[in-house]
Amino acid sequence: MTASPAMALGLAALSTCLAVTVAQAEILDLRSDGVSFRIDTDSLALSGAPDGSAPRILSQPELDARTADLVSSLTDASWTATTVDATYHIHAATVDGVLKVSVTAMQAGRLHWPVSAPRADVQYALPILGEGRRVPADHGEWQHFLTEVLDGLPAAEHLTQSFFTEQNDAYSTTWLLQTPWDADISYTVQDDRLSVGFRHEFTPLNLEEAYHVSVQFGPANWIDGALINRAHLQATGAFKSLKTKISDRPDVGKLAGAPHIYLWEKGPLKPQDVTAWRRFMRVFGNRRDNPGTLSYAIWPNMPEDMRTDVNAGVEQAQGEDGFVSKYSRTVMTRALNTALPKTIARRPVKPLPGGHDPEAGPGYVVDFRDALISEFGDNLAPPETWGGGMSTGIVKRLSSAGIRHAWLGVENWLDALWHPEAVTLAKDTGYLVGTYDSYASAHAQATKQTWQTAQMGDAIFDSAAFHNETGAPRSGFRGKGAYLNAAAVAEYARQRTGAVSSSAGLNSYFLDVDATGLVFEDYTDGRQMTRQEAYEAIRNRLAFTSGDLGLVLGSETGTAAFAGQIDFSHGIATPVFDWMDPRMRRDPEPEFYIGAYWPVEAPARFFAPTRVPPLMERVIYDPAFRLPLYQIALHDAVVTTHHWHFGSLKPEGLQTRNALFELLYMVPPLYHLSEATIERDLPAITRQVTAFAPLHERLMTQAMVGFRHLSKDFLLQETRFENGTVIVANFGPEPAALPDGLALDPSSVLIRTPGNFQKIIDLSMD
């Protein structure tokens, strides 16, 4: 079916809708349910509009091809497009007002399509940077950020949902990417206007798989794309509600009203666990030269750079006026926590590659405590009180502060094994207790500056890595080791997660990286795998952890593709963004440096407030540009919060904004806590949780059904939930008038629930 380029959209003049075959054609018109589309089959230029609106360019031309084998009807068409060096088989059809396009290539290469037109009257709703952002096409700062920082990054990893929406004054147009694993997101600036698109990569491994994209018109609002994606997730079985998850695993319900808190002060002891420091140091000083004593065995295992300070502490303790300074106590505790695990022998139970034996943990803790008490006696507090992070003391303080539910996480599963009484008390209190773990990348055993989770033994390191087309392994996180194929490490991951969770008594787990969308093709001989197959292998790992092990499961970011397998995510409310500005990580200027992983009691990276660079503050935290796209699609499916690098209290001067977003979007706060910081931070934590928890307990399983701006400056915002609850937040510097005439003060939130209950909460804290 052919037509001249000047023909108006619509096919009223056609006398038949019978399918016909044409040798060559250029223009194709398709119509369905009140919408019209026009495709240039040679170039893939696309235009269209809903009935009653003038047609607009939807995608710019990409190909310089010759059309053949065209078969078409009023609603369906297929053809072959051949360029100088490529051949594509293309199918386009309108179904229920949606244009669906699939492209299959005969050779490897990239197809940069669709690409929106640069227009002055367009704004985009983009599911980027976690929740999503509103981006005007003519906004210079956004143009710079998107083209310089995010252009060309994998869509599966950097879009938390696989779509983008272009909005004009009359309606919105949403492009839904149904095959995100093989595409990149593209941002270009033409005529000082932003264009957005996808670049799909056809590779030797995926040539049999089609590239699927759909385009759909909707109302002129910011959330239609998220609603379209929600329906797509539900239709494809990728959506699983929290209500269903709670029915399957009741512990998931403990996420309701729960702040997420990482507990630090790593190791078995804290300084307060020594009740008589002068006597303790004297015992150590007297016995470290006596063979056969624990002190004698400990001394050579203490780090060399700490021994001078330990000696100073021993000297301080001598004489009638002896004392041990706070600094010496801290250093001695660090030295003991480092040396003791190397000193006290562990009886093996079920060793795993990488030097791990989680099942030996409970027995080892008993032996460890007995050895210390035998050496130092009543100079130590009762062992069930030991520890400054995951400890009975911290759990009791949280409970006494009125925190009914919480997710408590440790960065190292050993910190849960060291303190079984704390884990038990936390669970009895109603808390979830989990550990960080990761199977994304592995290190060779001999690697210096390695970390625990990356040690899986040389056999796995040598055999399980992704390999690229040249046969080289994919370098792992921060360039160390190699990224692993989840299918190749599946059995080991099952053994380790099972052993860790059961031995430590955990009811939750956090699998880092898995839900970020980070996947690769694998060209390993005998194990070739597409990105889609790699996706499925990660889904299987997540499903085993939440399903077979029955744990409340979280992961980093939590892109929509994994919403069915995880219960909570860290990185949607605030993504990890220090990699976007080198001053925050690689070039540590005091003004913006995120901080070091030191001191161990409260690492500055997590505990020290950090000033955010101006551009990062604009794109990450400016409420005028933020959109709750993830919450619209998945609020009742996945509980989301901040990435652990940027918890609720981390960004300097932005804590109030975080608190406002947490209430407006109904997402939990995330904190870091230790014995060293609890006096400083617990009051702020308690105040925020008191405001947040009761409402979240009612709304966690409710869909977010609406979002709108109530002011022209975009700083007065409203969300609505399916049970009728309405939340309004004023991010502006002045009182703002609501549609009903009520004035809402700055940094305040209005909550209206069914039955006309109304409450205003002041969240100012910066």
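Calculation notes
Residues numbered from 1 in each chain as written. Predicted model: local features only at pLDDT ≥ 70, side-chain atom pairs only at ≥ 80, totals over all residues. Heavy atoms only, no water. Salt bridge = Lys/Arg side-chain N within 4 Å of Asp/Glu carboxyl O. Helix = DSSP H or I, 4+ residues; strand = E, 2+ residues; numbered from the N terminus. Buried < 20%, exposed > 50% of the residue type's maximum accessible area, 1.4 Å probe, protein only. Pairing = 2+ DSSP bridges. Axes fitted to C-alpha atoms, helices over the stretch in contact; angles between N-to-C directions. Contact = heavy atoms within 4.5 Å. Expected span 1.5 Å × (residues − 1). Phe/Tyr/Trp six-rings, centres within 6.5 Å; stacked < 30°, edge-to-face > 60°. Lys NZ or Arg CZ within 6 Å of the ring centre and 35° of its normal.

A. Fine view of the pattern of salt bridges. Applying the stated criterion across every chain yields a total of 37 salt bridges. Residues arginine 249 and aspartate 567 are paired through a salt bridge, measuring 2.8 Å at the closest nitrogen-oxygen approach. One end of the pair, arginine 249, is in the loop between helix H4 (242-248) and strand S18 (260-263); the other, aspartate 567, is in the loop between strand S24 (552-556) and strand S25 (568-574), and 318 residues separate them in sequence. Arginine 249 sits in the buried class, given a relative accessible area of 11%. For arginine 527, the salt bridge is made with aspartate 522, and the minimal N-O distance between the two is 3.0 Å. Given a relative accessible area of 0%, aspartate 522 falls into the buried group. Bridged by salt links that share partners, the residues Arg110, Asp182, Asp184, Glu201 and Arg531 form one connected network.

B. Representation of the sheet that holds strand S30 (residues 726-730) in the model. Within the open sheet, the five strands sit side by side as S28-S29-S30-S33-S34. Their pairing is antiparallel. The open sheet is flanked by strand S28 (704-709) and strand S34 (757-762), the only strands paired with a single partner. Ignoring strand direction, the axes of neighbouring strands in this sheet form an average angle of 15 degrees. Here S30 pairs with strand S33 (residues 748-753) via five bridges, running antiparallel. When the bridges of S33 are listed, isoleucine 727 appears paired with isoleucine 751. The sheet contacts of helix H20 (residues 655-665) involve S28, strand S29 (716-721), S30, S33 and S34, and relative to S29 the element is tilted by about 30 degrees. Where helix H21 (residues 678-699) meets the sheet, it contacts S29, S30, S33 and S34, and its direction lies at approximately 30 degrees from that of S33.

C. Layout of helix H3 (residues 224-235). Here H3 is twelve residues long and its end C-alpha atoms lie 16 Å apart, about the 16 Å a rise of 1.5 Å per residue gives. Every buried residue of H3 is listed here: Asp224, Gly225, Ala226, Ile228, Asn229, Arg230 and Leu233. Of the surrounding elements, those touching the buried residues of H3 are strand S13 (163-167), strand S14 (172-177), strand S17 (211-218) and helix H19 (629-634).

D. Geometry of the packing of aromatic side chains. Applying the stated criterion across every chain yields a total of 34 aromatic pairs. Ring centres of tyrosine 262 and tryptophan 407 lie 5.2 Å apart, and the angle between their planes is 80 degrees; on these two criteria the pair is classed as edge-to-face. In this pair, tyrosine 262 is assigned in strand S18 and tryptophan 407 in strand S19 (residues 407-410), connecting sequence segments 145 residues apart. A single burial state applies to tyrosine 262 and to tryptophan 407, both of which are buried. Three or more aromatic residues link up through ring pairs in this structure, and these residues are Tyr262, Trp264, Trp407, Tyr436, Phe510, Phe568, Tyr597, Phe606 and Trp644. Between arginine 288 and the ring centre of tryptophan 299, over which it is positioned, the NZ or CZ distance is 4.5 Å. The residue whose ring lies beneath arginine 626 is phenylalanine 661, and the NZ or CZ to ring-centre distance is 4.0 Å.

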